[in-house]
Amino acid sequence: MKTYQIASIPGDGIGPEVIREGIKVLDAIAAVDGSFRFNWTEFPWGCEYYLQHGKMMEEDGIDRLRSFDAIYLGAVGAPGVPDHVSLWGLLLAIRKSFDQYINLRPVKLLHGAPCPLKNVTPDDIHMTFIRENSEGEYAGSGAWLYKDQPNEVVIQNGVFSRHGCERVIRYAYDLARKDKKTLTSISKGNALNYSMVFWDQIFAEVGKEYPDVETSSLLVDAASMFMVRKPQRFEIVVTSNLFGDILTDLGAAISGGLGLAAGANLNPERKYPSMFEPIHGSAPRMAGKGIANPMAAIWSAAQMLEFFGYKEWSEKIVNAIETLLVQGAVLTPDVGGNASTSDVGDAIVSLLTL
Ligand code: NAD
Ligand code: IPM
Ligand code: MN
């Protein structure tokens, strides 16, 4: 029997509440399948840990994670710790150290999920966002000069390397080719006259190797308008780190909300562990009430199964989420119900183990 070693980092706020349900679902699937199992190792890192130890994870935290098959993360961030400290100390440190340069985020409207758009059905929202996840606006390059003086200056550099752009764009073309889908690149070359002109150039260059893939390029402002007005036009989408961050929250808003938005941080070469996490944050005001929607975390667990090669199980999980949404009986408040986080986890387990 294959055993997967998974590091779980429940983190802060609602993180632990939703991760518990994802683990419940994965363990239940492993029990039914019988050919694999999960060995979970939990790391208590996050903002509480920071307040006790002055750091977000142990000194050798990255080394300790290195040998795992995957990382399953809840959320990071709490009111008592500055966000840039908590996120750079844990989440972003993991994404960067393990070269998880693909952030794969499905934006799919399931049947039964609430959608604020008029005359839009699940057939209309079927996007897969490929967000660059290692550099760009998140490179962490810059300076803070003359701090607290009248001539104070801050510089935040966008770093776009040929290597970094090519690999994420190539990944997106490969996926579009494999799935026979259209590919849209989203950038902003009219204003960002270095980084985004370069991005567009590389998108066109790499595209020469994929004459079979139908492409389009959009400016990010127009793209956000089209996501609301004409979501049908998007299939596979590739974009930079910051644009991808913003557009996938918009994507969440049109496809059921943050409680349903899943994400995978992939190192496609599998040199390092990949990390699976809902795209929402720690929602501190919702924490401790047992009302957070675990579907995003559970969907991310489905992405983990797909990454391990269990596509059927992955699809079954998403189908179970959809069934629950359609039935409407066991849902958290964000999607119109009054069930608890663990009720939803239990109901998904029942559907999968029938
Ligand atoms: P957030 O995603 O935590 O919450 C925004 C709102 O979305 C919440 O108020 C809530 O109404 C809703 N929501 C989010 N997840 C939900 C769920 N599972 N079920 C139901 N409703 C849900 O974003 P924020 O308030 O901007 O950030 C809170 C903290 O989380 C900050 O510290 C931020 O830096 C951090 N954050 C962390 C991650 C991460 O760890 N991946 C992602 C985003 C934000
Ligand atoms: C996300 C989050 C993170 C990001 C933050 C918390 C650093 O918003 O995963 O979408 O911007 O990547
Ligand atoms: Mn985000």
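Given the structure is predicted, the values throughout are model-derived calculations rather than measurements.

Caption draft 1: Representation of the domain arrangement of the protein chain in the model. Here the protein chain is described as being made up of domain 1 (1-101 + 257-354) and domain 2 (115-255). Placing the centre of domain 1 and that of domain 2 at their C-alpha centroids yields a distance of 24 Å. With 15 residues of domain 1 at the contact, the number on the domain 2 side is 14 residues. When domain 1 packs against domain 2, close to 1,200 Å² is buried across both sides, 51% of that on carbon and sulfur atoms. Among the residues of domain 1 in contact with domain 2, R95, K96 and Y101 are the three that bury the most area, contributing 42% of the side total. Taken together, the connections running from domain 1 to domain 2 amount to one salt bridge. Between D99 and R167 there is a salt bridge, and its shortest N-O distance comes to 2.9 Å. At the boundary of domain 1 with domain 2, the tally comes to seven residue pairs in polar contact (both at pLDDT 80 or more). Elements supplying a minimum of two residues to the side of domain 1 that touches domain 2: α5 (91-97) and β11 (262-266). Of the residues belonging to the side of domain 1 that touches domain 2, the class tally is nine nonpolar, three polar and three charged.

Caption draft 2: The arrangement of the pattern of salt bridges in detail. The final tally for this structure, using the stated rule, is 14 salt bridges. Between K24 and E21 there is a salt bridge, with its nearest N and O atoms 2.6 Å apart. Placement of both K24 and E21 in helix α1 (residues 15-33) is noted, with a separation of three residues, approximately one turn of the helix. By relative accessible area, which is 27% here, K24 ends up partly exposed. Judged by relative accessible area, which is 2%, E21 ranks as buried.

Caption draft 3: Region of interest: the site of ligand 1. Near ligand 1 you find 20 residues, and of these V76, D83, G281, A283 and N293 are the closest. Separating an oxygen atom of ligand 1 from a backbone N or O atom of V76 is a distance of 2.8 Å. A distance of 2.8 Å separates an oxygen atom of ligand 1 from a polar atom in the backbone of A283. Contact with the protein chains hides 68% of the accessible area of ligand 1, taken as 800 Å² for the molecule alone.

Caption draft 4: Structural detail: a nonpolar patch on the surface. Together, L145, Y146, V153 and I155 give the surface a local cluster of nonpolar side chains, amounting to about 310 Å² of exposed area. Mapped onto the secondary structure, L145 falls in strand β6 (residues 136-145). With relative accessibility at 35%, the residue L145 sits in the partly exposed group.

Caption draft 5: Highlighting the packing of aromatic side chains. Under the defined criterion, the tally for this structure stands at 14 aromatic pairs. Ring plane angle 10° and centroid distance 4.1 Å describe the contact between Y4 and F308, whose orientation is recorded as stacked. Here Y4, found in strand β1 (residues 2-11), pairs with F308, found in helix α10 (residues 295-308); they are 304 residues apart in sequence, far enough to count as distant. Y4 sits in the buried class, given a relative accessible area of 7%. Members of the aromatic cluster, each reached through a chain of ring pairs, are Y4, F36, F38, W40, Y72, F308 and Y310. Here the basic side chain of R131 rests over the ring of Y138, its NZ or CZ set 5.1 Å away from the ring centre. Here the basic side chain of K316 rests over the ring of W313, its NZ or CZ set 4.5 Å away from the ring centre.

Caption draft 6: A look at the sheet that holds strand β2 (residues 36-42). The sheet built from ten strands is open, its strands ordered β2-β1-β3-β12-β11-β4-β5-β10-β8-β9 with mixed pairing. Of all strands in the sheet, those bounded by a partner on one side alone are β2 and β9 (215-219). Sheet twist, expressed as the mean angle between neighbouring strand axes with direction ignored, is 25°. Across three bridges, strand β4 (residues 102-108) lies against β11 in antiparallel orientation. Bridge assignment links N103 to a residue of β11, and that residue is N265.

What counts, and where the lines are drawn
Residues numbered from 1 in each chain as written. Chains lettered and ligands numbered in written order. Predicted model: local features only at pLDDT ≥ 70, side-chain atom pairs only at ≥ 80, totals over all residues. Heavy atoms only, no water. Domains from an automatic or database assignment. Contact = heavy atoms within 4.5 Å. Buried area = accessible area lost by both parts, 1.4 Å probe. Salt bridge = Lys/Arg side-chain N within 4 Å of Asp/Glu carboxyl O. Polar contact = N/O pair within 3.5 Å; in protein donor to acceptor, adjacent residues only side chain to side chain. Helix = DSSP H or I, 4+ residues; strand = E, 2+ residues; numbered from the N terminus. Nonpolar A, V, L, I, M, F, W, Y, C, P; charged D, E, K, R; others polar. Buried < 20%, exposed > 50% of the residue type's maximum accessible area, 1.4 Å probe, protein only. Near = heavy atom within 4 Å. Areas by Shrake-Rupley, 256 points an atom, 1.4 Å probe, with all protein chains shown as cover. Patch = residues over 30% accessible without salt bridge, like charges linked within 9 Å, V, L, I, M, F, W, Y side chains within 5 Å. Phe/Tyr/Trp six-rings, centres within 6.5 Å; stacked < 30°, edge-to-face > 60°. Lys NZ or Arg CZ within 6 Å of the ring centre and 35° of its normal. Pairing = 2+ DSSP bridges. Axes fitted to C-alpha atoms, helices over the stretch in contact; angles between N-to-C directions.

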